[in-house]
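Observations on the model geometry
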Amino acid sequence: QVQFVESGGGLVQPGGSLRLSCTASGFIFGIYEMNWFRQVPGRERELVATISSSGGSTNYADSAKGRFTISRDNDKNSLYLQMNSLKPEDTAVYYCHATFRGRVYWGQGTPVTVSS
């Protein structure tokens, strides 16, 4: 049974930081490409950052470049997203996402609100 435990979301002031975590079980975490998506109500889910199975390659949406860092610890079956210099437009529900050869798994989402 695939399960994700996401944490780290919450309310933060503009310019602040948050670190999202996603701990997975029920599949071979270390062979999956992992991603962070986010979604605002009424809008399509947006890919924020991607990390290869080994962690050696990362990619970011333009909106995240220079502010967000994706990382993973395969020994702990965990995915992370360090978010710095947060802006109100970063407000969304953030989802971890796993994919390997057509198999896709989604986390339950953790909400992030950036507001003063």
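Let me begin by describing the structure that accompanies this report. Along each chain, residues carry numbers from 1 onward, in the same order as the chain's sequence is written. Reporting in this predicted model follows two pLDDT cut-offs: at least 70 for local features of residues, and 80 or more for side-chain atom pairs to be given and counted; totals over whole chains, interfaces and linings ignore these cut-offs and use all residues. Side-chain measures here rest on the full set of heavy atoms in the structure, leaving out hydrogens and waters.

Adjacent strands of a sheet form backbone hydrogen bonds with each other and so pair up, either parallel or antiparallel. Strand pairing requires that DSSP identify at least two bridges connecting the strands. Going along the chain from the N terminus, every DSSP run of H or I of four or more residues is numbered as a helix, and every run of E of two or more is numbered as a strand. Taken together, the 4 strands give an open sheet; going across it, the order is 1-3-8-7, and neighbouring strands pair in antiparallel fashion. Edge positions in the open sheet fall to strand 1 (3-7) and strand 7 (68-73), since each of these has one partner strand only. Within this sheet the neighbouring strands show an average axis-to-axis angle of 15°, counted without direction. Judged from the 5 bridges that link them, strand 1 and strand 3 (residues 18-25) form a sheet pairing that is antiparallel. The residue bridging Gln3 from the neighbouring strand is Ser25, located in strand 3. Here an angle of 0 to 180 degrees is reported between the N-to-C directions of two axes, which are lines fitted to C-alpha atoms, with helices fitted over the stretch in contact.

Once that is clear, we can look at the nonpolar core. In this structure, Trp36, Leu79, Leu81, Met83 and Tyr94 are the most contacted members of the largest nonpolar core, which totals 27 residues. Among the elements of the structure, strand 3, strand 4 (33-39), strand 5 (46-51), strand 7, strand 8 (78-83), strand 9 (92-100) and strand 11 (110-114) are those that each provide at least two residues to this core. In what follows, residue pairs with any heavy atoms lying within 4.5 Å of each other are defined as contacts. Here Tyr94 is in contact with Glu6, Leu20, Trp36, Phe37, Arg38, Val48, Phe68, Leu81, Met83, Gly109, Thr110 and Val112, once residues within four sequence places are set aside. Put simply, buried Ala, Val, Leu, Ile, Met, Phe, Trp, Tyr and Cys residues joined by side-chain atoms within 4.5 Å make one nonpolar core. Throughout this description, buried means an accessible area under 20% of the type-specific maximum (1.4 Å probe, protein chains only), exposed means over 50%, and partly exposed covers the range between.

What is shown is where atoms sit, not what they do.
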